[in-house]
Amino acid sequence: MKLTSRHLLGLDGMAKEELALILDTAVSFREVLDRPIKKVPPLQGKTVVNLFFESSTRTRISFELAERRLSADVVNFTTAASSVSKGETLKDTARNIEAMKIDMVVIRHAAPGSAHFLTRVVDANVINAGDGTHEHPTQGLLDMYTLREKFGTLEGLRVCIVGDISHSRVARSNIFGLTTMGAKVSVCGPATLIPKDIEQLGVKVYHRLDGIIPEVDVLNVLRIQLERQKSGLFPSLREYHRFFGVTKEKVSKAPKPITIMHPGPINRDVELSADLADSEHSVILQQVTNGVAIRMAVLYLLGTTN
Amino acid sequence: MKLLLKGGRLVDPVSGRDEVVDIQIVDGTIERIAAAITASGGVKEIDLRGKIVAPGFIDMHVHLREPGYEHKETIESGCSSAAAGGFTAVCCMPNTNPAIDDESVARYVHEKGKAVCDGIVDVFPIAAATKGRKGEELSPMAELVQAGAVGFSDDGAPISSPEIMRRALEYSSMYGVPVIQHAEEASMTRDGCMNEGAMATRLGMPGIPPIAEELMIARDVILLRYTPKARYHVAHVSTRNALDHIRKAKLEGLNVTCEVTPHHFTITEEMVSGFDTNTKMNPPLRTKDDVAAMKQGLQDGTIDVIATDHAPHTIDEKEVEYTTAPFGIVGLETAVGLCLTELVDKKVLTIVQLIQKLSTNPRRLLSLPEIHIKEGEMANLTLLDPGLEWTVKTAEFHSKSKNSPFDGFRLKGRATGIINNGKVLLA
């Protein structure tokens, strides 16, 4: 079994078997992370460039660790400003870096489809580390890994994604991946932050947390961004916290404990209360650890099949 | 020069003629039309058996980019593209730099059209409705009409202010020329770059809601009811509900007309899924249901005109992230092929109806002289081969730009030549 594409652009359209292959492969890399010497040789001699056009701490470090633990040579290209504002196009930036003979590109960029675009202008394997509001496939995979680790299977698991669904690449990758694996996915957030016709992606829509909390096993809580309030999509952070903030009090109404996830970074006591984030039912730090294993699996599967 | 068009099917909606005839043209003038004409000496004979002779086509919505953006297109390359696509006339939109909001620019564009490509393609400027296309003050409409403008539009931008739109409709009504609205409620579209709906949601792309188009048309219809002498034309209509507003306004007897582009009756938002920026245009590609509605609107006559919104951009401008790419595709060289393939071959329109929408109707609504295909008249003709199967190759376009989502499409039917102003161009 191999992946059908030589890139990882998104979980949309990937087959169940492919997703399972990545998750299964990650299990053995997860085990490597617990060894005293956390390095294995499969990408020895390969060069990976992390092309980050948007600021990111944990995703970039997670990828870099994964690359180094697979013995790849790693180059980081980070710029807060977009390439366009610097006068160089994304195409030129990518082609220039590729001209230095690199094998794989990990890209984070504000524009949806930028990873797809990159596959048309460079020959290297492309891994999407977040393309605007489109997808963040390795985040989706590490969330699935974490849930599978905890629950044994994703089939029938009831997961609700809470928050700004419209602008969330994490939400999209979770929806695509989890629905393919047979989970029951719902979304909950203000009507202005739920994108049009999202039901067609196979999810149920809720606007009241107390309506969904008794019905789910997992709440995946998204970061709320203040810019959305400025563009008129919700009235205030205070109101958001009162009605969509996930708190211990609200989840205590559930018949059994609910597992709490968050892709980070957390706005403590805005979308998620601090006590809940640090509680025994939170798997937020496991998500971070598993992220390295998932990224190792993806890099390994793509980097060793050429 | 003497030319004998042999055995073509003459389809002329103006005279109602539809028959196989021979047509002799001498120095650009139709000398004789008869069942069978024998070629005399020095006559160039063209075998048109199985082909169609139609009144010259006009594309009333193109962007020729000159002056100001000659790296994308020039009046010359645009006319060359039009001629290759089977058009003997184009109307060019005023979003040039400077904008066509002043008689000197209008005259420049109109005259340049006569100087390029042997003058085979007539270039009629659509002038800006407001100064600098800013939507604030009316352009000098009377002077612009004198300089050759055949309509007014701020195309690319909507005329947003209801007060300015009202005054534009009133003022232009004195000259019988239409105000052409790019119907978009801009406060709702902002950074949108594709149709809002399930596909944009899947792709995480900022959406352009269909209601942004519908609201603007609904508002304009109300304004038109108040200024009934004006003529209002909706550019590139793209949604089912937008069309319904126009249909109702027509039933009410208001002076409203509209056009559709070939891409809006052929392809859908599904095409955006690979993030190819040649699928980015405004209005955006819509849904299957909207495409079906466009075909229905063409059939029932709600849609008067087919126009391309030919919008050239260079490869470098288009080979960027989807959200930063400019809107628009080139259309002149695929339009007739798409019309014959999608509309005539699939029996949405008869060939007569198609010719009305590509020639008779646009000329009428722009108050351009009718084309008469009869003895003694100047020949203004488009020749069609409805059975010719061909593959679109953007690399071979005459346009300076190649930004088309139709590269590689197999089409059935093509324009094979034009005759106008005493000039002949055959494929």
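Residues numbered from 1 in each chain as written. Chains lettered and ligands numbered in written order. Predicted model: local features only at pLDDT ≥ 70, side-chain atom pairs only at ≥ 80, totals over all residues. Heavy atoms only, no water.

Turning next to the overall build of chain A. Per the secondary structure count, chain A includes twelve helices and nine strands. Viewed in the frame of its principal axes, chain A has a C-alpha envelope of about 55 × 45 × 35 Å. Residue burial in chain A is summarised as follows: out of 306 residues, 57% are buried. Counted over contacts in chain A with a minimum sequence separation of 6, partners at least 24 positions apart contribute 72%. Split by element, the accessible area of chain A, about 12700 Å² in all, is 51% carbon and sulfur. Computed over 38 positive and 34 negative side-chain charges, the inter-centroid distance for chain A is 2 Å. (Helix = DSSP H or I, 4+ residues; strand = E, 2+ residues; numbered from the N terminus. Buried < 20%, exposed > 50% of the residue type's maximum accessible area, 1.4 Å probe, protein only. Contact = heavy atoms within 4.5 Å. Areas by Shrake-Rupley, 256 points an atom, 1.4 Å probe, with all protein chains shown as cover. Lys, Arg positive; Asp, Glu negative; His and termini not counted. Charge placed at Lys NZ, Arg CZ, Asp CG, Glu CD.)

We now examine the state of the cysteines. Enumeration over the complete set of coordinates arrives at zero disulfides over all chains. There is no disulfide at A:Cys160, and the cysteine sulfur nearest it, in A:Cys188, is 5.1 Å away. Here A:Cys160 falls in the buried class, since its relative accessible area comes to 0%. You can see B:Cys79 has no disulfide; the closest cysteine sulfur is in B:Cys117, sitting 5.3 Å from it. The buried category is assigned to B:Cys79, whose relative accessible area is 0%. (Disulfide = S-S within 2.5 Å.)

Where strands meet in a sheet, backbone hydrogen bonds hold them as pairs that are either parallel or antiparallel. All names here are of chain A. The four strands lie next to each other as S2-S1-S3-S4, forming an open sheet whose pairing is parallel. The outermost strands of the open sheet, each flanked by one partner alone, are strand S2 (73-78) and strand S4 (125-131). The average angle at which neighbouring strand axes cross in this sheet is 15°, direction not considered. In terms of strand pairing, strand S1 (residues 47-52) meets strand S3 (residues 104-109) through five bridges, oriented parallel. (Pairing = 2+ DSSP bridges. Axes fitted to C-alpha atoms, helices over the stretch in contact; angles between N-to-C directions.)

Here the focus is the interface of chain A and chain B. With 24 residues of chain A at the contact, the number on the chain B side is 18 residues. A salt bridge links A:Asp12 to B:Arg202; its shortest N-O distance comes to 2.8 Å. Run the count over chain A and chain B and you get eight residue pairs in polar contact (both at pLDDT 80 or more). Residues of the side of chain A that touches chain B, tallied by class, amount to nine nonpolar, nine polar and six charged. (Salt bridge = Lys/Arg side-chain N within 4 Å of Asp/Glu carboxyl O. Polar contact = N/O pair within 3.5 Å; in protein donor to acceptor, adjacent residues only side chain to side chain. Nonpolar A, V, L, I, M, F, W, Y, C, P; charged D, E, K, R; others polar.)

The next thing to look at is the confidence of the model for chain B. Of the residues in chain B, 100% have a pLDDT of 70 or more, and the chain-wide mean is 97. The ipTM for the predicted assembly is 0.95, set against a pTM of 0.95. (pLDDT = per-residue confidence, 0-100.)

For an interface, size is often stated in terms of accessible area lost upon the parts coming together. Residues and elements named next belong to chain B. You can read the domains of chain B as domain 1 (2-52 + 375-426) and domain 2 (57-365). Between domain 1 and domain 2, the C-alpha centre-to-centre distance is 26 Å. With 37 residues of domain 1 at the contact, the number on the domain 2 side is 49 residues. For the pair domain 1 and domain 2, the summed buried area comes to about 3400 Å², and 66% of that belongs to carbon and sulfur atoms. Taken as a group, Lys400, Asn403 and Phe406 account for 19% of the area that domain 1 buries against domain 2, more than any other trio of residues on that side. Measuring nitrogen to oxygen at the nearest pair gives 3.4 Å for the salt bridge that ties Asp345 to Lys412. Seen at the junction of domain 1 and domain 2, the total is 21 residue pairs in polar contact (both at pLDDT 80 or more). Counting only elements with at least two residues in the side of domain 1 that touches domain 2, the list comes to strand S1 (2-12), strand S16 (381-391), strand S17 (410-420) and strand S18 (423-426). Top contributing element to the side of domain 1 that touches domain 2 by residue count: S17, with eight residues. (Domains from an automatic or database assignment. Buried area = accessible area lost by both parts, 1.4 Å probe.)

A word on the nonpolar core. In terms of nonpolar packing, the biggest core is built from 74 residues, with B:Val234, B:Val237, B:Ile306, B:Leu343, B:Ile351 and B:Leu354 touching the most fellow members. Per element, the largest residue contribution to this core is six residues, and it comes from helix H12 (residues 335-344) of chain B. Each of domain 1 (2-52 + 375-426) and domain 2 (57-365) of chain B accounts for three or more of the residues forming this core. In this view, B:Ile306 contacts B:Val260, B:Pro262, B:Phe265, B:Leu298, B:Cys339, B:Leu343, B:Leu354, B:Lys357 and B:Leu358; residues no more than four positions away in its chain are not counted. A:Met14, A:Met144, A:Met261 and A:Val292 belong to the second-largest nonpolar core, a separate cluster that totals 60 residues. (Core = buried A, V, L, I, M, F, W, Y, C linked by side-chain atoms within 4.5 Å.)

Residues and elements named next belong to chain A. Taken domain by domain, chain A holds domain 1 (16-134 + 288-305) and domain 2 (137-283). Its C-alpha centre places domain 1 at a distance of 26 Å from the equivalent point of domain 2. On the domain 2 side, the residues contacting the 26 residues of domain 1 number 23 residues. Contact between domain 1 and domain 2 buries roughly 2000 Å² in total, counting both sides, with carbon and sulfur atoms accounting for 61%. For domain 1, the biggest contributors to the area lost against domain 2 are Lys16, Leu23 and Thr133; these three give 28% of the whole. The interface formed by domain 1 and domain 2 includes three salt bridges. For Glu54, the salt bridge goes to Arg169, with nearest N and O atoms at 3.1 Å. At the surface where domain 1 touches domain 2, the tally comes to eight residue pairs in polar contact (both at pLDDT 80 or more).

What follows concerns the environment of A:Val205. All names here are of chain A. Secondary-structure assignment places Val205 in strand S7 (residues 204-206). For Val205 and Leu141, which are 64 residues apart along the polypeptide, the C-alpha to C-alpha distance reads 22 Å. Other than its neighbours up to four places away in sequence, Val205 contacts Val187, Ile194, Ile198 and Glu199.

This part is about the sheet that holds strand S15 (residues 305-306) of chain B. Residue and element names in this part refer to chain B. Within the open sheet, the eight strands sit side by side as S6-S7-S8-S9-S10-S13-S14-S15. Their pairing is parallel. Each edge of the open sheet carries a strand with a single partner, namely strand S6 (57-62) and S15. Alignment of strand S10 (residues 179-181) against strand S13 (residues 232-234), held across three bridges, turns out to be parallel. Bridge pairing links Gln181 to Val234 in S13. Along the sheet, helix H4 (residues 162-173) contacts strand S9 (151-153), S10 and S13; its crossing angle with S10, the most-contacted strand, is approximately 145°. Lying over the sheet, helix H13 (residues 351-365) contacts S6, strand S7 (87-92), S13, strand S14 (256-260) and S15, oriented at roughly 65° with respect to S6.

Moving on, we come to the pairing of S18(B). All names here are of chain B. Summarising the sheet, S17 and S18 pair through four bridges and their orientation is antiparallel. Residue pairing across strands places Ile419 opposite Val424, the latter belonging to S18. Linkage of S17 to S18, two consecutive antiparallel strands, is achieved through a turn of two residues, within which Asn421 is found at a positive phi near 50°.

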